[in-house]
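Listed below are the residues making up each chain.
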Amino acid sequence: MRIPGDEGYRWKAVDGSGLNGVMKCWIYNNLLTSKLSWDLMIYNLPVSFVKDLEAICTKYLKKWLGVTKTITVSVLYRNKDCFGLNLKRLSDLYKFLQVSKGYSLKNSKDPKVKEVYEHRAKKQEGSSRWGYTNELSARERDLYFRELVGVTVQGRMGLGSKRSVASEKEKLKELVSHISEQDILLTLVDKGVQGQFLTWENTMQLDLGWNNLIYNYKMSPALLKFHLNATHDVANTPANMSLWNYADTGHCPLCGWRHCNIKHILVACNFSLNNKRYNWRHDNVLRVIAKSLLDQIEKFNNKDFKLEVQDWTGFKSSSSCYQKPKTKMKRESPFEKDQDWQIIWDEDDLPAQFPQHIYGTAERPDIVVWSDKGKVVILVELTVGDESNFSDQVERKQARYNRELIPGLHGSGWKAQLFTVEVGCRGFWHHTLPALLNYFGVTKRVKKAVFQEAALVALRCSYAIWLARENKKWSPCYNIAQRPTVLPSTE
C-alpha cells in the first residue's frame, strides 16, 4: 500500500525550484493535489492523518506566499467571494472524494459492491469518528430537505425559471463544499482583528485568479503578500511587533502615535497626510476613473454610443441560457440630447476650480462633468480610504455637498447629480464605483477593467506608502497611473 504523502521528494522538488511562491502554489493546487486524489478516494484514512498532511501543506503554502505565520489559515482555502485564495484543502478534498466514492458504491448495479457499502455503513453506524457513510447519509437528508423547501433563485434568474440540471451526485458534492465553507467562516467570527473584513459592506475585491497572479503579471508576489497581510492586519506594523514582543513600543516612527497599526499607516497618519502621501495615492486612482469618463464623454459628443437596458421581462430558460426580451426600453439619460459635454478633474499638482459660470462656489469636487446646452452638471467625489469606513465616507460626502452646492445648482436652473465613489487602500472597491460607471453607460468589459485597475493602483500606492513608513522623506517622482494623453478643454 502506498501511503499518501510518502512522496516527500515532490514537495522538496517544488520548494527548491527557482519558481516564485505564487507559481509553487499553482503547482500545489493543480498537480500535487491531483497526485493525491486517487489515494484519498480509495483508502479509508483517518481524518486526523489527513489533517496532519494538511498542516504540512499549510506550512509550505504560507512559506511560498511569504505571509506572516500568525495569519489565519482560512485565507488560503476560503472562496474568492470571501476574500480568499480558494486553494484546495486536503481535508475537504478527502471528504469530497470519500462521499463521491460512497455514492458510487451505494448506487452501484453490482449487488456485491452494494454489500461492501452496507457492511461499511453497519460498521460506522453509531461511531463518533467521521465516516463517508455517515457523511453521505447526512448530506442526503440535507438534500432532501433542500429540494422539499426549494432554493431561492439567484442572479438574473426570474420567477418560474429552473435551476441548471445537475445530477444528485453533483448536488451532494456541492453541499459538502458549502458546509466546509461555512465552517471556515465560523472560525473568523470570534477573531476581532483578522475577521474584521466580514463587516465590510458592499465591498468587492481584486481578481486574484491565476491569470492575474501568473500569466498577466498584474500583481507581484510581494504585492500579493502585502495585500493579504494588510487585509487581515497581520503585517509587521509597530503595533503588531509590540504585541508579538519583538519591539518595546508600538509608536508610529513618523508622527509618534501610540498604536501604529496598518490602518494608521495607510490612512490615518498625520505626518503622511501633511506630507501629501495620501493625496498622491488619491490622484493616481482619480486618473483611472477620469480616463474612463473622458472616453465616454468623447463618445457622447460624437454620438458613438448606445444607452439601452433590457426590459424586466427577460428571464433565464430551463436550459439556463438567458433569453433576450422581445421589447427593449431606453434608459433616460442626459447624454443623448447634447454634444457639448466637458469634463475636468482636480489633482493636487494640477488644481481645477469649479466652473464659475455654473455656480459661484469654493467647493472643488474631484470630477465635474457638465453640458451648457442641457444645463446638466455631474459631480464625482472620490475617497481612497479604509474599507471599514465606506458607509461613513458616503454619508459624510453627501452631507457636505447636499448642504450648499447641490441646492445652489438646482436654484440656478441646473440639473445636478452627485456621485460619491469609494476605493479601498487595500485593493477593494465599494459598489458606488459600479453605480457611477453604469450611469455613464460604460460597457461591461470596460467596467471590469476599470474596477481592477483602480483597485490595483490604490494597492500599489498603499504599498509604496507602506515601504516608506519609517522614512520621513517623501518625494515620489513617478506616477502609478498616467494622466490622459488628451486633456479636455474647459472653454
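What you see is a predicted model; the values in this text were computed from it and never measured. (Residues numbered from 1 in each chain as written. Predicted model: local features only at pLDDT ≥ 70, side-chain atom pairs only at ≥ 80, totals over all residues. Heavy atoms only, no water.)

## Some thoughts on the overall build of the protein
Scanning the protein for helices and strands turns up 18 helices and eight strands. Taken over 491 residues, the protein has a buried fraction of 47%. If you take every contact in the protein between residues at least 6 apart in sequence, the share linking residues at least 24 apart comes to 68%. Accessible area for the protein stands at about 26300 Å²; split by element, carbon and sulfur atoms hold 51% of it. (Helix = DSSP H or I, 4+ residues; strand = E, 2+ residues; numbered from the N terminus. Buried < 20%, exposed > 50% of the residue type's maximum accessible area, 1.4 Å probe, protein only. Contact = heavy atoms within 4.5 Å. Areas by Shrake-Rupley, 256 points an atom, 1.4 Å probe, with all protein chains shown as cover.)

## Regarding the environment of Glu201
Here Glu201 shows up in the loop between α8 (168-189) and β1 (203-205). Taking the C-alpha atoms as reference, Glu201 lies 8.7 Å from Glu387; in sequence the two are 186 residues apart. Filtering out sequence-adjacent residues up to four positions away, Glu201 remains in contact with Ser391 and His430.

## With respect to the nonpolar core
Residues Tyr28, Ile367 and Phe440 are the most contacted members of the largest nonpolar core, which totals 96 residues. When residues in this core are grouped by element, the largest group, 12 residues, is from helix α18 (residues 444-467). Residues contacting Phe440, with those up to four places away along its chain left out, are Leu293, Gln296, Ile297, Phe300, Phe335, Val369 and Ile378. Ile358, Tyr359, Val377 and Ala416 belong to the second-largest nonpolar core, a separate cluster that totals 16 residues. (Core = buried A, V, L, I, M, F, W, Y, C linked by side-chain atoms within 4.5 Å.)

## Some remarks on the pairing of strand β4 (residues 341-345)
Successive residues of a regular strand alternate their side chains across the two faces of the sheet. Within β4, five of the five residues are buried, which leaves it mostly tucked inside the rest of the structure. Taking every second residue as pointing to the same face, both faces of β4 are buried, with Trp341, Ile343 and Trp345 on one and Gln342 and Ile344 on the other. Here β4 pairs with strand β5 (residues 367-371) via five bridges, running antiparallel. The partner of Trp345 across the bridge, within β5, is Ile367. (Pairing = 2+ DSSP bridges.)

## A word on a nonpolar patch on the surface
Taken together, the side chains of Tyr144, Phe145, Leu148 and Val149 present a nonpolar region at the surface, about 510 Å² in accessible area. Within the secondary structure, Tyr144 is located in helix α7 (residues 132-149). Of the residues examined, Tyr144 reaches a relative accessible area of 59% and is grouped as exposed. (Patch = residues over 30% accessible without salt bridge, like charges linked within 9 Å, V, L, I, M, F, W, Y side chains within 5 Å. Salt bridge = Lys/Arg side-chain N within 4 Å of Asp/Glu carboxyl O.)

## What about the pairing of β5?
Along β5, five of the five residues are buried, which leaves the element largely enclosed by surrounding structure. Residues Ile367, Val369 and Ser371 of β5 are buried on one face, and the alternating residues Val368 and Trp370, pointing to the opposite face, are buried as well. Both β5 and strand β6 (residues 376-385) contribute to a ladder of five bridges, which runs antiparallel. Bridge pairing in β6 links Trp370 to Val377. Adjacent in sequence and paired antiparallel, β5 and β6 are bridged by four residues, among which Lys375 carries a positive phi angle near 55°.

## Some thoughts on the packing of helix α3 (residues 47-65) against helix α5 (residues 90-106)
Across the interface, α3 lies against α5 with an axial gap of 8 Å and an inter-helix angle of 140°. Considering their axes alone, α3 and α5 lie oblique with respect to each other. Residues Val47, Val50, Lys51, Leu53, Glu54 and Cys57 of α3 pack against Leu90, Ser91 and Tyr94 of α5. Classifying every residue of the contact of α3 with α5 gives six nonpolar, one polar and two charged. (Axes fitted to C-alpha atoms, helices over the stretch in contact; angles between N-to-C directions. Parallel < 35°, antiparallel > 145°, perpendicular 65-115°, else oblique. Nonpolar A, V, L, I, M, F, W, Y, C, P; charged D, E, K, R; others polar.)

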